[in-house]
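Here is how the chains run, residue by residue.
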Amino acid sequence: MPPASRDPWLDNVKMVLITLVVVGHAIGLVEATAGSHWVYDFIYLWHIPAFVFISGYLSKSFEWDRRRMKNLVYTLAVPYLLFEPALFYYRREVVGEGVTGPLWIEPHWTMWYLIVLLMWRLVTPILKLHWLFLPLSVIVSLVGGVWDTEALMIPRFLGLLPFFVLGLHLKPRHLAHLDDVWVKVAAVPMLVGIGVMALYTDTWAESALLWYDTGYSEIPIDNEIVFQTRLTVMMVGLLGSFAVMALVPRRNLGWFTTMGTATMVVYLFHGFAIKTFLALGWPDFTAAYPTLGLVLTVLGAIGLTFFLACPPVRRVLEPFTNPLGWLEARRRTRAGAAPTSV
């Protein structure tokens, strides 16, 4: 969207969420560090649902027309086809991780969101037809836990579907209530409560449920209550999402808001940086200095996000995130600048 038509609040929310995505993935470098599991579970209880909700909210206008289908191919399909093998071989050949599995069919690590978002977009014209698709999506999510496959991340496509559908159906006037004073006041104790719940994740649930990609058969929870536990996780994710969004400023925050328009650059490239630190032995340092290692990891992840999203770096990397769109824009620019004969 052109700058004049953008909602600064949405860009602020996107910047907060993409920062937490990077922090969450970086925590994987310090799994043995005391406190890392609490930070990880607290973030994962709500930040993926929040990101999916925003993705749904921004997908309202999608239709099966030529322009939007072309944009879907340019911005999601092509980056997935390019970055899926790029990250896979970087992890295997450079970092030395023993990653396996068929490319593209089973998305690797961070690449799952591209293919799942693409599939959500494809069914958007149907999902936005009626609000009844919202309760139906909850049922689909609960039943989706029965699937135990990594093919196209179908479990996540089904499990996180309610947050996407909710984003499709909520309107700006609904989200305006997040600016109400009582909502902002309630958001703080809500997040504190979720933080307390994160301390005892393995008591009332399992961390695997927070990923929405693990089948019920692999989760050590009785079949009688696993559906109820999944529903509880979904409700906590929804409340946490709205609590955080209520606390995000609605005004333009200058450079921070501007960087919120570069979430795709951050998403596609941060994995390479995190895996580089893995190859350099960062987990060994954090094992020797656990508290310092955890703090530096979180601060480093925030710094990495800001670095990738800053305008100079973004200008260099953005053509790789949408190469066909970039080439097409260059052709139009050259055609417009070409001298005309008299």
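Since we're looking at a predicted model, the values are computed, not measured. All residue numbers refer to position in the chain's written sequence, counted from 1. Local features are withheld for residues below a pLDDT of 70 in this predicted model, meaning they are given only at 70 or higher, and side-chain atom pairs are given and counted only at 80 or more; totals for whole chains, interfaces and linings count all residues. With hydrogens and water set aside, each side-chain value is computed from the structure's full complement of heavy atoms.

Draft legend 1. The overall build of the protein chain, seen in detail. Strands are runs of DSSP state E lasting at least two residues, helices are runs of H or I lasting at least four, and both sets are numbered from the N terminus onward. Scanning the protein chain for helices and strands turns up 18 helices and 0 strands. Throughout, the radius of gyration refers to the C-alpha atoms, and the reference size of a globule is 2.2 Å times the residue count to the power 0.38. Taking 342 residues into account, the globule formula puts the C-alpha radius of gyration at 20 Å, and the protein chain, at 21 Å, falls close to it. In terms of principal-axis extent, the alpha carbons of the protein chain reach across some 80 × 50 × 40 Å. For the exposure calls, accessible area comes from a 1.4 Å probe over protein chains only, and a residue counts as buried if that area is under 20% of its type's maximum, exposed if over 50%, partly exposed in between. Here the protein chain holds 342 residues, and 49% of them are scored as buried. Considering only intrachain contacts with a sequence separation of at least 6, the fraction spanning at least 24 residues in the protein chain is 81%. Values of accessible area rely on a 1.4 Å probe in the Shrake-Rupley scheme; residue burial ignores everything except the protein chains shown. Counting only carbon and sulfur atoms, one obtains 68% of the accessible surface of the protein chain, whose full area is about 16,800 Å². Measuring between centres, the 25 positive side-chain charges of the protein chain sit 17 Å from its 23 negative side-chain charges. Note on definitions: a residue-residue contact is assigned when non-hydrogen atoms from the two residues lie within 4.5 Å. The charge count treats Lys and Arg as positive and Asp and Glu as negative. His and the chain ends do not count. To locate a charge, take NZ of a lysine, CZ of an arginine, CG of an aspartate or CD of a glutamate.

Draft legend 2. Inspection of the UniProt feature "domain: Acyltransferase" (unreviewed entry) in the protein chain at higher detail. According to UniProt, the positions carrying the feature "domain: Acyltransferase" (unreviewed entry) are residues 8–304. Within residues 8–304, the helical portion is 70% and the strand portion 0%, while the C-alpha atoms at the span's ends are 22 Å from each other. UniProt positions are given in the numbering used here, feature names are shortened, and annotations may be inferred rather than shown by experiment.

Draft legend 3. Representation of the packing of aromatic side chains in the model. Aromatic rings from Phe, Tyr and Trp, with only the six-membered ring used for Trp, were paired whenever their centres fell within 6.5 Å, and each pair was classed as stacked if the ring planes differed by under 30 degrees, edge-to-face if by over 60, and tilted otherwise. Scanning all chains against the criterion turns up 24 aromatic pairs. Judged by centre distance (5.7 Å) and plane angle (10 degrees), the ring pair of tryptophan 38 and phenylalanine 42 falls under stacked. Here tryptophan 38 pairs with phenylalanine 42, and both are found in helix α2 (residues 36–44), just 4 residues apart, close to one helical turn. Exposure remark for tryptophan 38: the relative accessible area of 35% places this residue in the partly exposed category. Relative to phenylalanine 164, the ring of tryptophan 120 lies with its centre 5.2 Å away and its plane at 20 degrees, an arrangement referred to as stacked. Within this pair, whereas tryptophan 120 is found in helix α5 (residues 112–127), its partner phenylalanine 164 is found in helix α8 (residues 161–169), the two being separated by 44 residues in sequence. The same class applies to tryptophan 120 as to phenylalanine 164, namely buried. Ring-pair connections join several aromatic residues into one group, and the members of that group are Phe51, Trp112, Tyr113, Trp120, Phe157, Phe164 and Tyr267. Consider the ring centre and the ring normal. A charge sits over the ring if Lys NZ or Arg CZ is within 6 Å of that centre and within 35 degrees of that normal. One cation-aromatic arrangement involves arginine 156 over tryptophan 112; the distance from NZ or CZ to the ring centre is 4.2 Å. Note that arginine 250 overlies the ring of tryptophan 9, its terminal NZ or CZ placed 4.5 Å from the centroid.

Draft legend 4. Broad picture of the environment of histidine 25. For histidine 25, the location among the structural elements is in helix α1 (residues 8–26). On a C-alpha basis, the gap between histidine 25 and tyrosine 40 in space is 8.8 Å, while along the polypeptide they are 15 residues apart. Once residues lying within four places of it in the same chain are set aside, the contact partners of histidine 25 are Tyr44, Trp109, Thr110, His270 and Ile274.

Draft legend 5. α5, seen in detail. Each residue after the first adds 1.5 Å to the expected span of a helix. Under the 1.5 Å per step criterion, the end-to-end length of α5 is 21 Å for 16 residues, consistent within 8% with the ideal 22 Å. We define the bend at any residue as the angle between the axes fitted to the seven residues before and including it, ending there, and the seven starting there. Where α5 bends most, the angle comes to about 30 degrees, and this point is arginine 121, followed within four residues by the proline proline 125. The element α5 is largely enclosed, with a buried count of 13 among its 16 residues.

Draft legend 6. Region of interest: the side chain of histidine 169. As for its position among the elements, histidine 169 is in helix α8. Setting aside chain neighbours within four positions, we find histidine 169 in contact with Lys60, Leu127, Lys128, His130, Trp131 and His174.

Draft legend 7. Quick peek at the pattern of salt bridges. One speaks of a salt bridge when a side-chain nitrogen belonging to Lys or Arg is within 4 Å of a carboxyl oxygen belonging to Asp or Glu. Enumeration according to the criterion identifies 13 salt bridges in this entry. We note a salt bridge from aspartate 213 to arginine 156, for which the minimum N-O separation is 3.8 Å. One end of the pair, aspartate 213, is in the loop between α11 (201–204) and α12 (223–247); the other, arginine 156, is in helix α7 (residues 154–159), and 57 residues separate them in sequence. The shortest N-O distance in the salt bridge between lysine 184 and aspartate 179 comes to 3.3 Å. Put simply, Arg6, Asp11 and Lys14 are held in one network by salt bridges that share partners.

Draft legend 8. Fine view of the side chain of arginine 314. Locating arginine 314 in the fold gives a position in helix α17 (residues 311–321). Looking at arginine 314, the relative accessible area reads 18%, which means it is buried. Other than its neighbours up to four places away in sequence, arginine 314 contacts Thr258, Thr261, Ala262, Val265, Leu308 and Ala309.

Draft legend 9. Representation of unusual backbone geometry. We note that methionine 153 has phi near 50 degrees; this positive angle belongs to a residue other than glycine. As for its position among the elements, methionine 153 is in the loop between α6 (133–144) and α7. Classification of methionine 153 as buried rests on a relative accessible area of 7%. Although it is not a glycine, tyrosine 212 sits at a positive phi angle of roughly 60 degrees. Its location among the elements puts tyrosine 212 in the loop between α11 and α12.

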